[in-house]
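So you can see what is in the structure, the chains are spelled out below.
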Amino acid sequence: MNITYRIVQHDGGWAYQLGDSYSETFPSHAAALAAASAAAREQRVPDRTSWIEYEDASGQWVTERADGHDRPTTAVED
């Protein structure tokens, strides 16, 4: 999986965007870039494998194994 954060103007400042979601607004492009770079680094850090539970779109509860080493490739577009 590939994740790309994009630096964009947003809500009177700068933010990073992933899909249709925006980060908080930062006062400068440089601050948004630094925050996006930190988020991208954190996404690549492996964790422990564990069981997770969540409710799907139909309202059913799902239990599945989440491999903590299955991390995405990340990038930041300026």
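A brief look at the structure comes next. Just so it is clear, the structure is predicted and the values come from calculations on it, not from any experiment. Starting afresh in each chain, residues are numbered from 1 along the sequence in its written order. Totals for whole chains, interfaces and linings use all residues, but because this is a predicted model, local features are given only for residues with pLDDT of at least 70 and pairs of side-chain atoms are given and counted only at 80 or more. Think of the side-chain values as coming from all heavy atoms in the structure, minus any hydrogens and water.

**Quick notes on the nonpolar core**
Stated formally: For this analysis, a nonpolar core means a set of buried residues of the types Ala, Val, Leu, Ile, Met, Phe, Trp, Tyr and Cys, connected via side-chain atoms within 4.5 Å. Think of it in three bands: with a 1.4 Å probe and only protein chains considered, a residue is buried below 20% of the maximum accessible area for its type, exposed above 50%, and partly exposed in between. The helix count covers DSSP runs of H or I at least four residues long, the strand count covers runs of E at least two residues long, and both are numbered beginning at the N terminus. What makes two residues a contact is simply this: any of their non-hydrogen atoms within 4.5 Å.
Grouped together as the largest cluster of nonpolar side chains are 10 residues: Ile3, Tyr5, Ile7, Tyr16, Phe26, Ala32, Ala35, Ala36, Ala39 and Ala40. Among the secondary structure elements, those contributing two or more residues to this core are β1 (2–10) and α1 (29–44). By residue number, the principal contributor to this core is α1, which donates 5 residues. Once residues lying within four places of it in the same chain are set aside, the contact partners of Ala32 are Ile7, Trp14, Ala15, Tyr16 and Phe26.

**Brief notes about the pairing of strand β5 (residues 61–66)**
So the rule is basically this: Any two strands with at least two DSSP bridges between them are considered paired.
The pairing of strand β4 (residues 50–55) with β5 spans 6 bridges and is antiparallel. Paired with Trp51 across the two strands is Arg65, which belongs to β5. The turn linking β4 back onto β5 is made up of 5 residues, and Gly59 within it adopts a positive phi angle of 90°.

Everything listed is a geometric property; what it means functionally is a separate question.
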